[in-house]
Protein chains: 2
Amino acid sequence: MAASIKDVAREAGVSIATVSRVLNNVDVVNEDTKKRVQDAIKKLSYRPNIVARSLKTQKTKTIGILVPDISNQFYPEVVRGAEDVANIYDYNIILCNSDSDLDKEKEYIRVLKEKMVDGMLYMSSSLEGEILDLIDELELKTVLVETKISGGKLPSVTIDNKKAAYDATKYLLEKGNKKVAYIGLKKDRTNAVSRRYNGYEKALKDSGIEVDPSLVYFGGLKAADGYNGINVILENSEIDAVFCASDEVAMGAINALRDKGLDCPKDVDVMGFNDNSMAAVFYPKISTVAQPMYDMGSVGMRMLIKIVNNKPLDDDQYVLQYYLVERDSVK
Amino acid sequence: MAASIKDVAREAGVSIATVSRVLNNVDVVNEDTKKRVQDAIKKLSYRPNIVARSLKTQKTKTIGILVPDISNQFYPEVVRGAEDVANIYDYNIILCNSDSDLDKEKEYIRVLKEKMVDGMLYMSSSLEGEILDLIDELELKTVLVETKISGGKLPSVTIDNKKAAYDATKYLLEKGNKKVAYIGLKKDRTNAVSRRYNGYEKALKDSGIEVDPSLVYFGGLKAADGYNGINVILENSEIDAVFCASDEVAMGAINALRDKGLDCPKDVDVMGFNDNSMAAVFYPKISTVAQPMYDMGSVGMRMLIKIVNNKPLDDDQYVLQYYLVERDSVK
DNA sequence: ATGAAAGCGCTAACAA
DNA sequence: TTGTTAGCGCTTTCAT
């Protein structure tokens, strides 16, 4: 068994209260006794039991992070950013993969509450009302990353997906492309990512172009979706460019194009989204809109830690900057 | 405040002991009182406080996972595999990024102990003696993933890196390649990944080929390392093929080749390692040795959970199967 | 400046 | 079958 505060107290010849005092640096402790206690701590390699402390203080110094799937390209960097700042402030993170499944999410949230996490970083492209209710009922301090809710009831860190998509589409248009296709998420889901379609739509309209449904493909966010998307779109139409809702989709699209004898960027311009770690490694290097993934995680965690410690927030709806990265998939 | 066991007891008109009994399904409880308790639980939306339970039982139902960096290609899948099985058995995971930094690792391990995790999954390409000592001193139940230690003192799940590299190199040789280069990790570190070099070396020797130092480049495991590696190697030599210690290195190598006017696989065969999610998306599709990353995580977690619950292990040094994936980067 | 003791929410040994 | 109670390791109030 590891040494407990009692052992230290005995070793130092003081009461456990005194040990606690030097441990937490509170009250005034005589320099001599403090030293005796510190020596005892060192001698016994004592480390406080945080579970016991948590029970008393009602704070666990741990934060839950709920992601759809850590093995998806987007999340590891966000989580890394979050964990780095958590670590700075002596917090740890409990990672949960929900697969965006409502029941799984609810159960995880309940368990996080049972384990008394101090707060939660919630990431999911969709955000059901039931989840909001649960968060509310459990009074679980949470900040949203990637999504936000209209009322602004929960703090969030996001980028302006619609505007980013707008800019990307405009960029494609300004390159002289007429027929610009879109491959992305189904638009019927109320999530952040599907708002990219709205940006695409608006950019076309603002340029006096009607959106042509046969140029739009709704699927997932994987390479296979980009591949399928191109094949479907090319069945009935010709295109000059494609705006893809993720880099992986862009890569899949480029592969499909190539298999059809079409070259990117010579024949078709392709634009991605995210700027994941492979975007600059792929051939051709993917032009994309970069999302500050690491920062989304780190500012999200910073906000959350402030909230947890009742510190005032400068702003509770952070909108981070995205930026267009011009590489080789757009000529 | 959330309801506590006391509230439930009061509501149901029983003692807290009885509530605890129905909660944990121990002893025999009268059906009627059991129902009363269950009703009270439902009525109050009661959920046990796991921190309090943990303090008493000395088990937290949480497992620490130490990885170098979750934003590296390899780890997300392993972690996903681990978390999935953890979830099945009602465990949660605390994720820690160590950057393979010894001090950070030591501190994380101590904190995990303070938080009374039931066990730890340790992943790191290198495994210093100090870490082993600390694990030992803290009596922290741990299983090693990706590495193992010679004595077999700690349970592990790995693949045979040397043999896998041997097979890959042989494969390249059998394709008729004479000058086969190697780009991978510095071999001076005692880690699992650098053993791939030993496999490469042995394959050459077994084929009666002397290893030519100018065909070997030691760097990191990123695309940039593959890119640099090719440039350095090509300064003094010509090559027929390259065996790369990761898929990212392979991609970087292929890019460098292309920039030099060399085509893969026409001019040079390139072999990767891992079979990460981009390997089949890259052009050309990367031929590689597939590591069962998800499985490494899931069997690692399975072992750990058995250990934590004092169940016997069938085997404590699992060596999982890798397999060669033939795609397009080798002709 | 220090100690005694209550209590955080639970489990489990013991009693009834 | 059920209740009482000690105690897990700590923090913190109240005395001293």
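An unreviewed UniProt entry lists chain A under the name LacI family DNA-binding transcriptional regulator, from Proteiniclasticum aestuarii.

A. A look at the packing of aromatic side chains. On inspection of all chains with the given rule, the structure shows 17 aromatic pairs over all chains. With centroids separated by 6.3 Å and ring planes inclined at 55°, the aromatic side chains of Phe243 of chain A and Phe273 of chain A adopt a geometry described as tilted. In this pair, Phe243 of chain A sits in strand 8 (residues 241-244) while Phe273 of chain A sits in strand 9 (residues 269-274), placing the two residues 30 residues apart along the sequence. The pair formed by Phe243 of chain A and Phe273 of chain A is uniform in burial state, with each residue classed as buried. Members of the aromatic cluster, each reached through a chain of ring pairs, are Tyr182, Tyr197, Tyr200, Phe218, Phe243 and Phe273 of chain A. Here the guanidinium or amino end of Arg196 of chain A rests over the ring plane of Phe273 of chain A, the centre of that ring lying 3.7 Å away. Looking at Arg258 of chain A, its charged tip hangs above the ring of Tyr283 of chain B, at a distance of 3.5 Å from the centre.

B. Region of the structure containing the sheet that holds strand 10 (residues 287-290) of chain A. Residues and elements named next belong to chain A. Overall, mixed pairing links the six strands, which are arranged 7-6-8-9-10-12 in an open sheet. Two strands close off the open sheet at either side, each with one partner strand: strand 7 (216-219) and strand 12 (323-325). Neighbour to neighbour, the strand axes of the sheet diverge by 15° on average, direction disregarded. In this structure, strand 8 lies alongside strand 9, joined through three bridges in parallel fashion.

C. How the structure looks around the pairing of strand 4 (residues 142-145) of chain A. Residue and element names in this part refer to chain A. Of the two faces of strand 4, both are covered, the one formed by Thr142 and Leu144 as well as the one formed by Val143 and Val145. Inspection of the sheet shows strand 3 (residues 119-123) paired to strand 4 by four bridges, in the parallel sense. Bridging across to strand 4, Leu121 finds its partner in Val143. As paired elements, strand 4 and strand 5 (residues 156-159) share two bridges and run parallel to each other. Residue pairing in the sheet places Val145 in a bridge with Val157 of strand 5.

Calculation criteria
- Residues numbered from 1 in each chain as written.
- Chains lettered and ligands numbered in written order.
- Predicted model: local features only at pLDDT ≥ 70, side-chain atom pairs only at ≥ 80, totals over all residues.
- Heavy atoms only, no water.
- Phe/Tyr/Trp six-rings, centres within 6.5 Å; stacked < 30°, edge-to-face > 60°.
- Helix = DSSP H or I, 4+ residues; strand = E, 2+ residues; numbered from the N terminus.
- Buried < 20%, exposed > 50% of the residue type's maximum accessible area, 1.4 Å probe, protein only.
- Lys NZ or Arg CZ within 6 Å of the ring centre and 35° of its normal.
- Pairing = 2+ DSSP bridges.
- Axes fitted to C-alpha atoms, helices over the stretch in contact; angles between N-to-C directions.

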